[in-house]
Amino acid sequence: FFFFFFFKQKTAYEMLRSLVGSEMCIRDSSNTETFKQRYWPGNFMGKNDKPVFIYICAEAKGSYVKPNSFIMKIAEKVGGSVVSLEHRFYGESFPQGEELTLKNLEYLSHDQALADVAYFIGFLKEEKGLGNSKVFTVGGSYAGALSAWMRYKYPHLVAGALSSSGVVNAVLDFYQFDEHVKNVVANRTKDCETTIRKVISEAESLWKINPWIIRNAHKAPYFEWEDFEFYYSDIFVETVQYGRGSHLCQYMDKIKFDKNRQEKLAELALNNRAQPHKYAFQYIRSTYHNPMHSYRQWTYQFCSALAYFNSVGPLKDPLRFKNMNLAYWRSYCMKSFGTEIFPNTNHTNALYGDVRIKDVASRIIFTNARDDPWQWAGVREVETNKREIYAKLMDCKDCGHCIDLHEPDVNDPEAVTKARKEIIDIFSYWVTQ
């Protein structure tokens, strides 16, 4: 079951430029319009003196927290409840009518997503009678950043946070991502890295001969060259990102002499989240809101504020097309929205501290895994935990993005099991303080 509650709709927010003690300023406090934001109570028991864990859903349709997930295990251990909250503009938590116009998308930002979580906490405490309950936030990837930022910006509301693979640093020229992927595949099979480069070069050559050779191979007649480049690169990097680097290299070794290897790569893409239509300008440009889709919304977020542009940077032999530098990404954003739109990451990082958040915030657990390239946009280590900031790097082969949040299994790597135990111990202590 899921429920709705009402939020103020059109209010636009801005943050004061300060690393410590920032306040939320409302530009239009007279606006009283509302929108429905969806949440799932999970094992929510509503006991006034028991902790509540808010799982922050990110850049996709939200859902309930699975009964056997690690978050549920944490809550059960400390006698708490879990509730998940859908992000504004995703799924059915959609303000501003039924169109994803640029004017409406002005109200989609991480700033306002944080304000929504803060409002939701007030709703739980005031409307659900949980005034004495400690609230903790949990999230992975972008939502992992939101979780950490909630503790940093709203320490009076959030008692602690788990930031799994949390990308707290809005990196503009994020070439470290590809550098990491390159290092992972170089340590798998002998020819993996070389084969990936060869198929990338082959795809470029075939496109120049006839784009329909590639479009047909990937069953994507809508592709233009630039959106195809993004999609094609993600076939490889997303497979590594999600802890399947060994699988990728075994697959590449298997198809390297296959005359239908482009079609085989299309199959790999579909099995590893790189679905063609998610990258296509044709779909990103559409302002129609489909609760099941999130391409335009997330593209707007990274083009307008967060960046994380997977670029070639100074790399001589990247595992993507060599023209995918910042100029490529500027063009990609402009073609997606029909106007100049590009993020000011210095502004974003000034407000939220980037990796320096570890020096100014408190009671946040940052987790990352060895094979995950997103760790270079997060907090990988801390010098001291005097502020109760913890950084845990799960050092295990084929351990990828947000692996600690997955359902625990007896066959999990020892490093993951150990990290989970330490996380539970930390939350158990925080609950008593």
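Presented here is an overview of the structure given in this document. (Residues numbered from 1 in each chain as written. Predicted model: local features only at pLDDT ≥ 70, side-chain atom pairs only at ≥ 80, totals over all residues. Heavy atoms only, no water.)

## A closer look at helix α6 (residues 192-209)
Thinking step 1. Along its 18 residues, α6 runs 26 Å from first to last C-alpha, staying within 8% of the 26 Å computed at 1.5 Å per residue.
Thinking step 2. Among the residues making up α6, those that are buried are Cys192, Glu193, Thr195, Ile196, Val199, Ile200, Ala203 and Trp207.
Thinking step 3. Elements that come into contact with the buried residues of α6 comprise α5 (176-186), α7 (211-217), α8 (225-241), α9 (245-255) and α10 (261-271). (Helix = DSSP H or I, 4+ residues; strand = E, 2+ residues; numbered from the N terminus. Expected span 1.5 Å × (residues − 1). Buried < 20%, exposed > 50% of the residue type's maximum accessible area, 1.4 Å probe, protein only. Contact = heavy atoms within 4.5 Å.)

## Considerations on the nonpolar core
Thinking step 1. Residues Ile54, Trp149, Tyr231, Tyr232, Phe236 and Ile357 are the most contacted members of the largest nonpolar core, which totals 107 residues.
Thinking step 2. Among all residues touching Tyr232, those that are not within four sequence positions of it are Val199, Ile200, Ala203, His218, Gln262, Leu265 and Phe321.
Thinking step 3. Counting 21 residues, the second-largest nonpolar core is a separate cluster that includes Ile74, Ala75, Ile423 and Ile426. (Core = buried A, V, L, I, M, F, W, Y, C linked by side-chain atoms within 4.5 Å.)

## A word on the environment of Lys50
Thinking step 1. Structurally, the position occupied by Lys50 is in the loop between β4 (34-40) and β5 (52-56).
Thinking step 2. Lys50 sits 134 residues away from Val184 along the chain, and the two C-alpha atoms are 43 Å apart.
Thinking step 3. What Lys50 contacts, discounting residues up to four positions off in sequence, is Gly79, Ser133 and Lys134.

## A word on the pairing of strand β8 (residues 160-164)
Thinking step 1. Burial analysis of β8 places five of its five residues in the buried class, which makes it a mostly covered element.
Thinking step 2. With burial as the criterion, each face of β8 is covered, one bearing Gly160, Leu162 and Ser164 and the other bearing Ala161 and Ser163.
Thinking step 3. The parallel pair strand β7 (residues 135-140) and β8, bridged by helix α4 (residues 142-153), forms a crossover whose chirality is right-handed.
Thinking step 4. Here β8 pairs with strand β9 (residues 364-369) via four bridges, running parallel. Paired with Leu162 across the strands is Ile365, a residue of β9. (Right-handed = clockwise from strand over helix to strand, strands pointing away. Pairing = 2+ DSSP bridges.)

## A word on the pattern of salt bridges
When the charged atoms of two side chains with opposite charge come close together, those side chains can pair.
Thinking step 1. Inspection of every chain in the model, using the stated rule, returns 21 salt bridges.
Thinking step 2. With a closest N to O distance of 2.6 Å, Asp116 and Arg88 form a salt bridge. One end of the pair, Asp116, is in helix α3 (residues 110-127); the other, Arg88, is in the loop between β6 (81-85) and α2 (102-105), with 28 residues separating them in the sequence. You'll find Asp116 and Arg88 in the same group, each marked buried.
Thinking step 3. A salt bridge links Arg188 to Asp398, with the shortest nitrogen-to-oxygen separation between them at 3.1 Å. Taken together, the positions of Arg188 in the loop between α5 and α6 and Asp398 in the loop between β10 (389-394) and α16 (414-432) put the pair 210 residues apart, joining distant regions of the chain.
Thinking step 4. Among the ionic contacts, a cluster of salt bridges with common partners joins Arg188, Arg370, Asp371, Asp395 and Asp398. (Salt bridge = Lys/Arg side-chain N within 4 Å of Asp/Glu carboxyl O.)

## A short note on the packing of aromatic side chains
Thinking step 1. Considering all chains together, one arrives at 43 aromatic pairs under this definition.
Thinking step 2. Between the aromatic rings of Phe177 and Trp374, the centroid separation amounts to 4.8 Å while the plane-to-plane angle is 70°, which identifies the pairing as edge-to-face. Here the residue Phe177 occupies a position in helix α5, and Trp374 occupies one in the loop between β9 and β10, the gap between them amounting to 197 residues. As far as burial versus exposure is concerned, Phe177 and Trp374 are alike and both buried.
Thinking step 3. With centroids separated by 5.7 Å and ring planes inclined at 35°, the aromatic side chains of Trp225 and Phe228 adopt a geometry described as tilted. Of the two residues, Trp225 and Phe228 are both situated in helix α8; the distance of three residues between them amounts to about one turn of the helix.
Thinking step 4. When its relative accessible area of 22% is taken as the criterion, Trp225 is described as partly exposed. (Phe/Tyr/Trp six-rings, centres within 6.5 Å; stacked < 30°, edge-to-face > 60°.)

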